[in-house]
Amino acid sequence: MLEIEGKLQAELARGIEALQTVANAESLEAWKQEFLGKKSLVMQVYGSMGKLAKEERPIIGKAVNQAKAGLEAALAEKEEGIKAASQQEAFTKETLDVTLPGRKPRRGRIHPLHLTLRQIYRIFGDMGFQIYRSPEVETDDYNFTFLNMPPYHPARDMWDTFYTDKEGVVLRTHTSPGQVRVMRERAPENIRVILPGTTMRYEQLTARSEIEFIQVELLVVGKGITFADMRGTLNDFARRTFGENARTRLRPSFFPFTEPSAEMDVECFVCGGEGCGVCKGTGWLEILGCGMVHPTVLRYGGYDPEVYSGFAAGMGIDRSTLMRYHIDDIRHFRNNDIRFLEQF
Ligand code: DAH
């Protein structure tokens, strides 16, 4: 037996013994350096294989392979053991009392504006209306021109808006631009949609108005749609919203995008029509604007006004939500005050 064979056997025995005192990751690392690292006997023998005499080579090769395999096997076993031990330690240290009651997740609530929206969706959904989304950032054309307000027309002042740095791009002041978007997408099909969404207006912040609010637009287009269809649809909506006996009235009005135009009032549900603070003594609450879609708007939408007709309406939901829940300031809606929001 060659001297080096004996040395390698001794090295293996020494390594296995040394491993017994290893108890953590750091000392394991040191052990690896010593017995299997670059400067270890095993690795040095590997390094010198080339210089060995031909007949020694297989003998020493076998011995060093055995020593290395032995050390590696011992190491693997140790690593396993250390891992199991640290896991065991974690189990005992981080005990979990599964009998403790769980933490209750905090449940969110539906924002009052969305409660109103949901009710509106339900009512018009029952009448076969689809919900259509259209952009909050609009072009000047959709917000004005296609709604029969050409550039520089004074009617634009009623819907003055926020202009952006980009020429012809504005924040929509009403959901009406969506009318032309649906028409252009659907023409010449029949249309029965509502278009809900955020609208923005260049306005002073007060308890009754904000620069941001929500509108729901209504659009019906088809052959032979009449003012009576509009009246019936809106009355049904009012009854389902304000009660079976809610009285409504239409007042003549003006909007560039409808002809004829009207505003619909509902009898004040606070005083029952007698006159109070909420209805400012009139007994009526204005709830929406409406009318027969103007021929120019139909044409911009791709419908021939000689063949098709339609009605449209638009309502803001912020004020009616104020009334519905007796909220005294419109700014509560977007203040994100949890004390307010938790009441719904
Ligand atoms: N867009 C109008 C506004 O914001 C509301 C409106 C009135 C919409 C009459 C309509 C309509 O569709 O027919 O004041």
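Small disclaimer: the values here were computed from a predicted structure and weren't measured.

Colleague: Would you explain the pattern of salt bridges in this entry?
Modeller: Between side chains of opposite charge, a pair can form when the charged atoms approach closely. All told, the structure shown has 19 salt bridges when counted by the stated rule. Across the pair glutamate 11 and arginine 14 runs a salt bridge, and its minimum N-O distance is 3.4 Å. Of this pair, glutamate 11 and arginine 14 both sit in helix 1 (residues 3-20), separated by three residues, roughly a single helical turn. For glutamate 11, a relative accessible area of 8% corresponds to the buried category. Sharing partners across several salt bridges, the network here consists of Glu210, Glu212, Asp318 and Arg334.

Colleague: Sorry, what's going on with unusual backbone geometry here?
Modeller: Excluding glycine, most residues fall at negative phi; most peptide bonds, likewise, are trans. Here the bond from alanine 187 into proline 188 is cis, since omega is 0 degrees, no more than 30 degrees from zero. Examined against the element boundaries, proline 188 turns out to sit in the loop between helix 7 (177-186) and strand 4 (191-200). Glutamate 259 connects to proline 260 through a cis peptide bond whose omega is -5 degrees. Even without glycine at this site, histidine 326 takes up a positive phi of about 55 degrees.

Colleague: Looking at this structure, I do not really get the sheet that holds strand 9 (residues 309-316). What am I missing?
Modeller: Two modes of strand pairing occur in sheets, parallel and antiparallel, and in both the strands are linked by backbone hydrogen bonds. Strand order in this open sheet of seven strands is 1-4-5-9-8-7-6, and the pairing throughout is mixed. Of all the strands in the sheet, just strand 1 (130-131) and strand 6 (248-253) have a single pairing partner and so form its edges. By the bridge criterion, two bridges tie strand 1 to strand 4 in an arrangement that is parallel. Its bridge partner lying in strand 4, glutamine 130 is registered against valine 193. Sheet contacts for helix 10 (residues 318-325): strand 5 (212-222), strand 8 (284-293) and strand 9; angle to strand 5, the most-contacted strand, approximately 110 degrees.

Colleague: Would you mind showing me how to read the nonpolar core here?
Modeller: Among soluble globular proteins, nonpolar side chains are generally buried collectively. Phe124, Leu218, Leu234 and Leu288 are the most contacted members of the largest nonpolar core, which totals 40 residues. Leaving out residues up to four positions away in the same chain, leucine 288 has contacts with Leu234, Phe237, Ala262, Glu263, Met264, Ala313, Gly314 and Met315. In terms of nonpolar packing, the next biggest core, distinct from the first, is built from 24 residues, Phe144, Ile191, Val193 and Val297 among them.

Colleague: What is the right way to look at the domain arrangement of the protein in this model?
Modeller: In many analyses, interface size is given as the accessible surface area lost on bringing the parts together. Assigned domains within the protein: domain 1 (2-93) and domain 2 (112-341). Of note, the centres of domain 1 and domain 2, computed from C-alpha atoms alone, are 82 Å apart.

Colleague: Would you mind going over the site of the ligand with me for this structure?
Modeller: By nearness alone, 16 residues border the ligand, and His174, Ser176, Arg201, Gln215 and Glu217 come closest of all. Alanine 313 places a polar main-chain atom, nitrogen or oxygen, 3.3 Å from an oxygen atom of the ligand. When the ligand is considered free in solution it has 360 Å² of accessible area, and contact with the protein chains removes 93% of it. Elements supplying a minimum of two residues to the shell around the ligand: strand 5, strand 8 and strand 9. Tallied by class, residues from the shell around the ligand come to six nonpolar, eight polar and two charged.

Colleague: Where do I start with helix 8 (residues 227-242) in this structure?
Modeller: One turn of the α-helix equals 3.6 residues, which is why residues spaced by three or four share an orientation. Taking 1.5 Å of rise per residue, 16 residues should cover 22 Å, and helix 8 covers 22 Å from first to last C-alpha, within 8% of that figure. Its buried side turned inward, helix 8 meets helix 5 (112-126), strand 5, strand 6, strand 7 (258-267), strand 8 and strand 9. Directly after helix 8, the chain includes glycine 243, whose backbone phi takes a positive value near 115 degrees.

Colleague: Before we go on, may I ask you to explain the packing of helix 1 against helix 2 (residues 25-36) in this structure?
Modeller: Two numbers describe a pair of packed helices, the interaxial angle and the distance between the axes. Orientation of helix 1 relative to helix 2, taken along the N-to-C sense of each, is 175 degrees, at an axis distance of 11 Å. Between helix 1 and helix 2, the crossing angle belongs to the class labelled roughly antiparallel. Across the interface between the two elements, Glu11, Arg14, Gly15, Ala18 and Leu19 of helix 1 pack against Leu28, Trp31, Glu34 and Phe35 of helix 2. In terms of residue class, the contact of helix 1 with helix 2 is built from five nonpolar, one polar and three charged.

Rules used throughout
Residues numbered from 1 in each chain as written. Predicted model: local features only at pLDDT ≥ 70, side-chain atom pairs only at ≥ 80, totals over all residues. Heavy atoms only, no water. Salt bridge = Lys/Arg side-chain N within 4 Å of Asp/Glu carboxyl O. Helix = DSSP H or I, 4+ residues; strand = E, 2+ residues; numbered from the N terminus. Buried < 20%, exposed > 50% of the residue type's maximum accessible area, 1.4 Å probe, protein only. Pairing = 2+ DSSP bridges. Contact = heavy atoms within 4.5 Å. Axes fitted to C-alpha atoms, helices over the stretch in contact; angles between N-to-C directions. Core = buried A, V, L, I, M, F, W, Y, C linked by side-chain atoms within 4.5 Å. Domains from an automatic or database assignment. Near = heavy atom within 4 Å. Polar contact = N/O pair within 3.5 Å; in protein donor to acceptor, adjacent residues only side chain to side chain. Areas by Shrake-Rupley, 256 points an atom, 1.4 Å probe, with all protein chains shown as cover. Nonpolar A, V, L, I, M, F, W, Y, C, P; charged D, E, K, R; others polar. Expected span 1.5 Å × (residues − 1). Parallel < 35°, antiparallel > 145°, perpendicular 65-115°, else oblique.

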